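# Secondary and tertiary structure notes
Spelled out from the first residue to the last, the chains are:
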Amino acid sequence: MSTSQHKIGSGFGARSTAGEVLSGIDLSGKVAVVTGGYSGLGLETTRALANAGAHVVVPARRPADAEAALGGFPGTEVGELDLADLTSVEAFARGFLGTRRPIDLLIANAGIMAAPERRVGSGWESHFAICHLGHHALVNRLWPALRAADGARVVTVSSAGHHSSPMRWDDVQFERGYDRWLAYGQAKTANVLFAVRLDTLGAEHGIRAFSLHPGAILTPLQRHLRQEEMVERGWIDEHGDLADPSFKSPEQGAATQVWAATSPLLDGMGGLYCEDCDVAEVAEVAAEEGEWVGVRPYAIDAGEAARLWELSEDHTA
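Residues numbered from 1 in each chain as written. Predicted model: local features only at pLDDT ≥ 70, side-chain atom pairs only at ≥ 80, totals over all residues. Heavy atoms only, no water.

## Looking at the overall build of the protein chain
In terms of helices and strands, the protein chain carries 11 helices and 10 strands. Its C-alpha atoms give the protein chain a radius of gyration of 18 Å, near enough to 20 Å, the size a compact globule of 317 residues would have. Dimensions of the protein chain along its principal axes, counting C-alpha atoms only, are 50 × 40 × 40 Å. Per-residue burial over the protein chain gives 52% buried out of 317 residues. Pairs at least 24 residues apart make up 72% of the contacts formed inside the protein chain by residues separated by at least 6 positions. Total accessible area on the protein chain stands at roughly 13,200 Å², and carbon and sulfur atoms take up 49% of it. With 26 positive and 42 negative side-chain charges, the protein chain shows a separation of 4 Å between the mean positions of the two kinds. (Helix = DSSP H or I, 4+ residues; strand = E, 2+ residues; numbered from the N terminus. Rg over C-alpha atoms; globule rule 2.2 N^0.38 Å. Buried < 20%, exposed > 50% of the residue type's maximum accessible area, 1.4 Å probe, protein only. Contact = heavy atoms within 4.5 Å. Areas by Shrake-Rupley, 256 points an atom, 1.4 Å probe, with all protein chains shown as cover. Lys, Arg positive; Asp, Glu negative; His and termini not counted. Charge placed at Lys NZ, Arg CZ, Asp CG, Glu CD.)

This is the structure:
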């Protein structure tokens, strides 16, 4: 069952924080899994969900770093997971399923941006592998735990960066020339398409899926960018201080994924792309970078979503 891709008037906006979005929502007894939930937006997401009563499992490529960042925060636990390694994904999923716990909320938050060319897994381009394929494998291997919940939600953190590239079906793995921003854009489009197809397949089992743009925020996601590049883009000044007033704080940046994961307004809906704590409108016409608002039609196309799912199944089976 598809849902209309239009704003619903959530009452929240671009400056809402994760804590504000969760005000009055009791997540006691709920289990959440937040990939990358120990840094940047992920850390704020973990904090907000735990403060609302959820038990948050944080799969991490560097478990020791995750433990240190969470600092023994109540209601959290850390597991080991490398999204670029299917053996690691399998091991994490097997261990979790062994606990016989349901998963009420799964937020696919971990990712990379504008990274140098790198091959992982079976020669996969790293953005596509880490942002999309690893999460595809993780969700499918955790499917029994999602089905065991009383209405699970899966949320994939995409980006307005999806405007820069549809799926490149003739060269998904960038074997004929690499561009780090197009690689990031394709991976973010894949995040949206994944939620569209997952919702189609999961709705009859009570599993609904959403994707989102969190907004522009300075976090460790920018680790691959030189300071000069961020100055040129107008994000920071020459002293390294924030220069763009449209940027959000991490607490504000985490709000949309928390809202998508928990808002009762989204009950019965799914397959939607969200931004600024609301469902986004469709961006029918391409815009210049910096004016990317809404979701491009190619990112919510059901046929594209089914094609990506089949490709991802072939890669991760």
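## Looking at the packing of helix α2 (residues 40-51) against helix α10 (residues 255-262)
Relative orientation of the contacting elements α2 and α10 amounts to 45°, with a least axis distance of 9 Å. The angle between the axes of α2 and α10 places the two elements in the oblique class. Regarding α2 and α10, the two cross each other, and that crossing is right-handed. Where α2 approaches α10, its residues Leu41, Thr45, Ala48 and Leu49 are matched on the opposing element by Gln257, Val258 and Thr262. Of the residues assigned to the contact of α2 with α10, the class counts are four nonpolar, three polar and no charged. (Axes fitted to C-alpha atoms, helices over the stretch in contact; angles between N-to-C directions. Parallel < 35°, antiparallel > 145°, perpendicular 65-115°, else oblique. Left-handed = near helix turned anticlockwise from the far one by under 90°. Nonpolar A, V, L, I, M, F, W, Y, C, P; charged D, E, K, R; others polar.)

## A closer look at the sheet that holds strand β1 (residues 31-34)
The strand order across the open sheet formed by eight strands is β3-β2-β1-β4-β7-β8-β9-β10, and the pairing between neighbours is mixed. The sheet terminates laterally at β3 (76-80) and β10 (278-279), the two strands that pair on one side only. Two strands pair when backbone bridges link them, and strand β7 (residues 153-157) and strand β8 (residues 208-213) are joined in this way by five bridges, in the parallel orientation. Each residue of the ladder has a partner; that of Arg153, found in β8, is Arg208. Contacting β7, β8 and β9 (272-275), helix α7 (residues 180-202) crosses the sheet at an angle of about 160° to β8. (Pairing = 2+ DSSP bridges.)

## Focus: helix α11 (residues 302-316)
With 15 residues, α11 ought to run about 21 Å at 1.5 Å a step, and its terminal C-alpha atoms sit 21 Å apart, in line with that. Residues of α11 that are buried: Ala305, Leu308, Trp309, Ser312 and Thr316. The buried residues of α11 occupy an angular sector of 105° when the element is viewed end-on, so they sit on one face. Seen from the buried face of α11, the exposed residues on the opposite side, beyond 90 degrees, are Glu310 and Asp314. In this structure, the buried side of α11 is in contact with α4 (86-97), α5 (126-141) and α7. Its side-chain oxygen 3.0 Å from the backbone nitrogen of Gly303, Asp301 forms the N-cap of α11. (Expected span 1.5 Å × (residues − 1). Arc of directions from axis to C-beta. Polar contact = N/O pair within 3.5 Å; in protein donor to acceptor, adjacent residues only side chain to side chain.)

## Concerning the state of the cysteines
This structure, assessed with the given rule, holds zero disulfides. Not part of a disulfide, Cys131 finds its nearest cysteine sulfur in Cys274, a span of 19 Å. Cysteine Cys277 is unpaired, with the sulfur of Cys274 as its nearest cysteine sulfur at 9.2 Å. (Disulfide = S-S within 2.5 Å.)

## Thoughts on the pairing of β7
Burial within β7 is extensive, with five of its five residues counted as buried. Because side chains alternate across β7, one face comprises the buried residues Arg153, Val155 and Val157, and the other comprises Val154 and Thr156, equally buried. Handedness of the β-α-β unit built from β7, α7 and β8 comes out right-handed. (Right-handed = clockwise from strand over helix to strand, strands pointing away.)

## Comments concerning the pattern of salt bridges
Here the structure, examined in full by the defined rule, presents 11 salt bridges. For Glu44, the salt bridge identified is with Arg47, shortest N-O distance 3.3 Å. Here the residue Glu44 and the residue Arg47 both occupy positions in helix α2, the gap between them amounting to three residues, near one helical turn. For Arg47, a relative accessible area of 33% gives the class partly exposed. Note that Asp170 is salt-bridged to Arg176, the shortest N-O span being 3.4 Å. You'll find Asp170 and Arg176 in the same group, each marked exposed. (Salt bridge = Lys/Arg side-chain N within 4 Å of Asp/Glu carboxyl O.)

## Some details on the pairing of β8
With respect to burial, β8 is a largely interior element, six of its six residues being buried. Neither face of β8 is open: one carries Arg208, Phe210 and Leu212, the other Ala209, Ser211 and His213, and all of them are buried. Looking at chain direction, β8 and β9 are connected through four bridges and run parallel. Looking at the pairing, Phe210 lines up with Leu272 of β9.

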